[in-house]
Amino acid sequence: QDKVTISLIQILTVQEWASEVEAGARAAVADIGEDKITLRVQGPAGFELAKQAQVTLSEVERGTDAIILSNVAPGAMIEPAAILAERGVPITWIVSAPPNEVENAFFVGSDPYAVGEAGANLIVDALEEKHGKPASELSGEIVQGLCVPGLPVLTRRMHAVEAAVSEKIPNATFLPPFDSKLDLTQSYASWNQAIQKYPDALFYTDPCEDANKNIQKIRVDDGIDVPQVYYDNPEIARQAVLDGEVTGLVSSNRFTEGYVAVWATAKALMDEEQPFPTGWLHVPYKVVDQENIGAYIAAWDDNGAGLREFYDPEITTTRALPLTGLPPTSDYNGGAQ
Amino acid sequence: MSQEAVSKLTPDAKTGGPSLFARLTRFDEAGLLLGFVFLVLLIGIPHPEFFNPGSIEATLRQTAFVAIIAFGMVFLVAMVEIDLSISGIYAVAGMSMALLIKAGVDPWAAVCVALLAGTLLGLVNGLLSVLLGVPLIIVSLGTLSVFFGLNLIISGGLAVFGMPRDHSFFQIIGGNHFGLPMTVWITIATGIVLHFVLWRTRYGAQVRAIGSNTAAAKFLGIKVARTRVLTTAFVGFLAALSGVLTLAFFKASEPTIGAGIELRVIAAVVIGGTSLAGGSGTILGAALGALIITLIDSGIVFYGIDPDYSQFVTGVVIVVAIGLDRLAKRRKTS
Amino acid sequence: MSQEAVSKLTPDAKTGGPSLFARLTRFDEAGLLLGFVFLVLLIGIPHPEFFNPGSIEATLRQTAFVAIIAFGMVFLVAMVEIDLSISGIYAVAGMSMALLIKAGVDPWAAVCVALLAGTLLGLVNGLLSVLLGVPLIIVSLGTLSVFFGLNLIISGGLAVFGMPRDHSFFQIIGGNHFGLPMTVWITIATGIVLHFVLWRTRYGAQVRAIGSNTAAAKFLGIKVARTRVLTTAFVGFLAALSGVLTLAFFKASEPTIGAGIELRVIAAVVIGGTSLAGGSGTILGAALGALIITLIDSGIVFYGIDPDYSQFVTGVVIVVAIGLDRLAKRRKTS
Amino acid sequence: MTREIFSARGIGKTYGATVALDNVGFELRPGEIIGLAGMNGAGKSTLLQIIAGAIRPSAGELTIDGHPVQFGSTADALREGIAIVSQELSLFSSLSVEENLRMLKGQRSWPSRSAFRKEARKILSELGFDYDLGRRLEGLSLGERQLVEIARALLQSPRVLILDEPTSSLHTSEVKRLHDQLRRLRDLGVGIVYVTHFLEDLIDVCDEAVVLRNGQRVASPDLKDPDSLPALVAAMLGDDPLADPETEDESDHALEGYSFPEGGPLVISDLRGTSGFAVEALEVKAGEVYGVSGLVGSGVSDLFEILFGVQKPAAGRVRLPSGASMQPDPAAAVKAGVAYLPADRKALSLMQRQSIAENVVSVRSLAQGRDGIVLDRAQTVALAQKRCAQLGVKLATVEQTVSELSGGNQQKVVFAKWLEAQPTLLLLDDPTRGIDIHARLEIHRIVRHLAQAGLVVLVYSSDPGEIIDLADRIGVFVDGRLAGELSGAEMTEHNLLVMMNSTKDAGAVSGPGLPRKLEAEGLS
Ligand SMILES: Nc1ncnc2c1ncn2[C@@H]1O[C@H](COP(=O)(O)OP(=O)(O)OP(=O)(O)O)[C@@H](O)[C@H]1O
Ligand SMILES: Nc1ncnc2c1ncn2[C@@H]1O[C@H](COP(=O)(O)OP(=O)(O)OP(=O)(O)O)[C@@H](O)[C@H]1O
Ligand SMILES: O[C@@H]1[C@@H](O)[C@H](O)OC[C@H]1O
Ligand SMILES: [Mg+2]
Ligand SMILES: [Mg+2]
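Definitions and cut-offs
Residues numbered from 1 in each chain as written. Chains lettered and ligands numbered in written order. Predicted model: local features only at pLDDT ≥ 70, side-chain atom pairs only at ≥ 80, totals over all residues. Heavy atoms only, no water. UniProt positions renumbered as here; feature names shortened; annotations may be inferred. Near = heavy atom within 4 Å. Polar contact = N/O pair within 3.5 Å; in protein donor to acceptor, adjacent residues only side chain to side chain. Helix = DSSP H or I, 4+ residues; strand = E, 2+ residues; numbered from the N terminus. Nonpolar A, V, L, I, M, F, W, Y, C, P; charged D, E, K, R; others polar. Contact = heavy atoms within 4.5 Å. Buried area = accessible area lost by both parts, 1.4 Å probe. Salt bridge = Lys/Arg side-chain N within 4 Å of Asp/Glu carboxyl O. Pairing = 2+ DSSP bridges. Axes fitted to C-alpha atoms, helices over the stretch in contact; angles between N-to-C directions. Donors = N, O, S within 2.8 Å, 3.2 Å for Na, K, Ca; no water. Buried < 20%, exposed > 50% of the residue type's maximum accessible area, 1.4 Å probe, protein only.

As recorded in an unreviewed UniProt entry, chain D goes by the name Ribose transport system ATP-binding protein, listed as coming from Salipiger abyssi.

Chain B is annotated in an unreviewed UniProt entry as Ribose transport system permease protein of Salipiger abyssi. UniProt, in the comment section headed Subcellular location (unreviewed entry), describes chain B in these words: "Cell membrane".

Quick word on the site of ligand 3
All names here are of chain A. In the vicinity of ligand 3, the contacting residues are Q15, W17, V72, V95, V153, L154, R157, D232 and R254. R157 places a side-chain nitrogen or oxygen 3.1 Å from an oxygen atom of ligand 3. Between R254 and ligand 3, the recorded distance is 2.8 Å, taken from a side-chain N or O atom to an oxygen atom. Element by element, the count of residues in the shell around ligand 3 is highest for helix α5 (residues 152–168), at three residues. Looking at the shell around ligand 3 residue by residue, the classes come out as five nonpolar, one polar and three charged.

Describing the interface of chain A and chain C
Contact residues are listed per partner, giving 30 residues for chain A and 41 residues for chain C. Summed over both partners, the interface of chain A with chain C comes to about 2,900 Å²; 58% of that surface belongs to carbon and sulfur atoms. Taken together, chain A and chain C are joined by three salt bridges. The partner of D183 of chain A in a salt bridge is R264 of chain C, and the shortest N-O contact between them spans 3.8 Å. The tally of links from chain A across to chain C stands at twelve residue pairs in polar contact (both at pLDDT 80 or more). Counting residues per element, the ones that place at least two in the side of chain A that touches chain C are α1 (16–32), β8 (178–179), α6 (184–197), α7 (209–222) and α8 (235–242) of chain A.

Notes on the sheet that holds strand β12 (residues 279–282) of chain A
Residues and elements named next belong to chain A. The six strands are arranged β2-β1-β3-β4-β5-β12 in an open sheet whose pairing can be described as parallel. Looking at the sheet topology across the chains shown, the edges are occupied by β2 (37–42) and β12. Strand-to-strand twist of the sheet, defined as the mean angle between neighbouring strand axes without regard to direction, takes the value 20°. Relative to strand β4 (residues 91–94), strand β3 (residues 66–70) is paired through four bridges, and the arrangement is parallel. Opposite L69, over in β4, you have W93 as the bridge partner. Sheet strands touched by helix α9 (residues 254–270): β1 (4–9), β2, β3, β4, β5 (106–109) and β12. Its angle to β1, the strand with the most contacts, is close to 145°.

Examining the coordination of the magnesium ion (ligand 5)
All names here are of chain D. Bound to the magnesium ion (ligand 5) are the protein donor atoms S45 (OG) and Q87 (OE1), situated 2.0 to 2.1 Å from the metal. Residue S45 is found in helix α1 (residues 44–51), and its partner Q87 is found in the loop between β6 (82–85) and α3 (97–105); the two are separated by 42 residues along the sequence. What makes S45 buried here is its relative accessible area of 12%.

Here is the structure:
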């Protein structure tokens, strides 16, 4: 069997979740065998959609057997995908599913709605414990921020939190989200003002990474004892879970996503009998709390040498799923389209 | 004497020349052209796939989106003005067109509306600048947010897709003809026309006169304010044109698309050799500048440079390109 | 006669004045100050929590990060130069300091290294600009990528945190004293010193002279290149200082921290009223400009404005602020 | 004879094919004032800039006290005691007068503020400049700026003082004061090199002349002879027949190919400006040259600016010769046939980075749109070549950048530009500033011819003699109002000066702008 080349095209490579995707992808290569797969990783450091499209097309010219595409903004990759389809280069989408008009798409990823719900559950449990009464008797305001409007991976996460919490705490008032900014310092200033304005909120929530770092900082600095959940797992968040400064984190499991994307893509490429898979290969999210934080942090030691081990249950489960008969990717987009 | 001092201070003040032929033979852009060829060989020799039609297409198309706006920016810079809000106009044009199409408007009609909208936003820039008496760069620092914000508002912060890709608009404008994307042909045609406009027409000469000495331009009876407003409107049109061509290709619009394109456009203009001192400008240079920027991106992919290093490499190549171009010019003038 | 006409053409040319006292009484910044007070009331009256110490602190601290760089940018703009690479320097300084501390270096030693590194990067900008004979804005368009790329490389694209928060550096520099963050005190002190430097020292006068008439400055034998390089180095130092103060407070650094801060710095300077025509500048104005920008962000949160609308509102307020300031100035001069 | 302080030997300078200087040399002894004379473009400024260290010669040697020196900048020359007042002022408009003065002094040390101010005030008031030192340069008139630049050089206590047309915008009284200063410095042993196109001034103050022609030094007359003027002129002109100012038919040649539209009179009634400017009634007939005169700030500028639409009048009616009524917009004024040559050519008249050709056609093609939308480059070049030849512009090619021309030749380009506009009303503010005597006569003749062709001409000059030469009638402005008129035989410098100062008290008489003849005639 020939050696296959798979290209992982990222965006926002400076964000830690992108390195996790890459780490997962490399772990898959190690498992399958360096002699069988060449993995190339490319992509713009920042949020540059057109550049990501160009990199994708250039990578195809350079010669690759399949592309794994980190899809953050749903619209930008439609046409590159059409061109790739024409050229016969299959795409495995990760992070978020493409719009429904991309036919026969193969998506490997977690469900942001489920991620949000899991986060909401952690928070509700913590609230019940803190106030010593059932959720249905709680009431208060919930302040939410959003750093970039319009990214499904963020908005669906946010909507899930609102829906799940509202169901359990009917007397909660969700304030409309405010612009919490992408930049760390600007995000701090905005969240600080929001907390000044609503110092007695039930809790504060934001689907964005830097926003959560700042909510945590302000809470710790000002001694505000409300639950908080991260939806990303940078080192600072892991430490915060360990130190008990936040309730927990719900990871979208980008490591497993990267791993399974490579694994499934390679498998599909090598098995010439089968057509390239279509549909949504679910990656389970991962809740990290007091229970498993020690193991998680240990897994990160030595440049993340233990991550493959830590994520093994999810990887094994997902790897065992058949690549046929998958649910359609339109499930991801819910009723949004 | 002080005249000499002046010309020593602005070694590139002579950039640009009066006629296409003279310019080609005087080769003000020779340094750049060399740099361009060098980059092409640097990428293409070890990676001949770079010369695949698909690769050339993608590179040229990506260049075109930047270049077509850069051509307009050359006019502004020649007037000692800079428009930072073009990314906002670019985004609004593409988005409004996409929304209109979704709402059932014929794409050919939608494109007219989008171009008109872009022209109007450009006009707003110009009018604000002239009425408030502040340079365009200052006004557009504010309108950049206004226009981008407008884009978020009209789109509700959501991407729009589901364009009728079989409609003649997307086939003709979004497609390839004679081996190259229509976008590239449109850009080439626009560049040729605008080169002519800048160097051979009354309007072009007025633009350069204003940039050369605004007070003198006023004192010889040029309608400085009108020329400024006209130019910002026309740059708005070009930004919208680029936005529309982007939609024609991508067949989707993202609320944040184009963010930061102004820096690439300005980079194309200045790498291209248009002097920020005003009074002059080079369309050919801007095209080469835009090409060089895209080539760097391509090179990084073909060489498989680690993403952590790619920005560093990009920066270094830009600095080297500017440096070589200026050194070549200096050698020539001395 | 003609001089008067010239000054009519450039209504804002008179910005800035010779002494602190004269300036305060002549009130060039009166329009801005009014705008600032108006914004404060607009936010504070319906939302008195805005006046909480914690809110004021955060607003001032956030302002300080921008203002301290803006003070340096005032010098550059007064020389008709702009540095776009400050965000890169800001990032490298904070990141290198954080990495050194992680590597066991004492924070006080690390801060010296970081400031030195920032100064050196600024120096690189200046030297490239002078040696290549290109305006700083062009060079820094390239070095912005270089420096940001450098930051990605040294950080490996990863965030750094886990600073020894009990160390005297973080206690003193990152903490509050006399009711305000140390960062704010440092910024105020820097502002006062730099106002004095710009208006009362030979170096300041040379900076303004170069901006006012570079050819004449060269003619008189002012060491234009040396002054330029000195200023870019000192702006590099200020950007690094801001980066270091950011780390002192946040106790963490990210590879992309500060991306885009250059636009806010430039906005602060121009909203503040420093004319891009050069020859003059206002430190007080830059501080007010930075304050206004932060206030807009605060206002958006306090008023609970939808994220889709926040950018639009920001832009409109900026345009209105610039407009009111210029109209106030025009009224005063006529 | 004392040994020279300074000498230049075999100095040459070329710009591409242009030879600006060819093997020029001279010596300067302490206590000597050398007048440097030559037509526009003869190489005077180039030579002076070389001496002052601003540009490097292509050939030759400079010595100070007999030692060879090489200057990298004017700062180097200043260290050797050489200070220059350059033709194109080297000042900073956004800096205060004091800062402008200190900018040089600061080269060596940053002297104590109070001592410096005291010295600066003294020198400035000796020159007749009595503004606050903190004032920004921005609002000062050209003449006032020239005084600041002179003061800056004097503050250096130079051993060698170089003055390149320092008086081109000065009033007569200021010129006289400067000359007094120069004589005083001479007596203190300073060596001075002085350039001016006012040859009487040269003869008045200089001991010896160095005459340049086409970059070469030619034999020069002895200036101690009070009748040396004709000899000096002859030396400057050489035997170039084209350059003979006595050839009458030349101005016809210069106007060949220009056509001027018929115009009516200029009629002004009840015109009021925003700051006290007022003209009750004034009618200037087609064909008339109307001189305007007045002290600094008397309102002459307001009149020109209002007529050109740069300044908006508070009230009043103006009927332009073209029949159009006036609008506050220079573009409309140009369309309505108004041409305006401001005194400050560098700031307001020339596009320094554009070619000569583009400057010549700028009004006709860019403002009046007479050459259509698409400009024909060959036609532009041909036109510019013709005009430059007619006005005797000394140039290499019309496609060279206009800033490469000598100062006087730049002024001719400005003149050509406005002639091309075919105006019906011509507003001239110091039209011959920096222009050599030959071209000056030529421009005077052109102005008269234009009037004969039916134009209305308004002319102001810092040299009262020039107004009297040109004008049919002179209106005198005092304190913003048109205070009176002189015509025919009344037009003498004496009468003019009396009228200009009519409502001023004795204190004002010593202020800047007081013409020298007034003091000379003992009227103060
Ligand atoms: N914009 C200004 N701000 C302050 N003062 C000014 C301004 N413009 C002119 N002045 C002052 O007003 C006076 C009049 O100058 P202006 O050049 O208008 O007079 P003028 O009638 O043309 O006199 P001149 O004979 O010098 O040409 C000058 O003393 C000048 O210093
Ligand atoms: N930078 C330059 N490039 C090309 N030619 C130049 C340059 N500077 C001066 N020249 C030419 O050198 C010659 C001498 O000029 P210069 O300025 O010395 O004359 P000038 O005697 O001072 O004349 P004016 O009386 O008009 O001031 C002119 O022909 C001029 O065009
Ligand atoms: O910021 C987002 C991050 O939180 C998520 O994990 O992945 C996608 C990103 O857009
Ligand atoms: Mg005047
Ligand atoms: Mg001269």
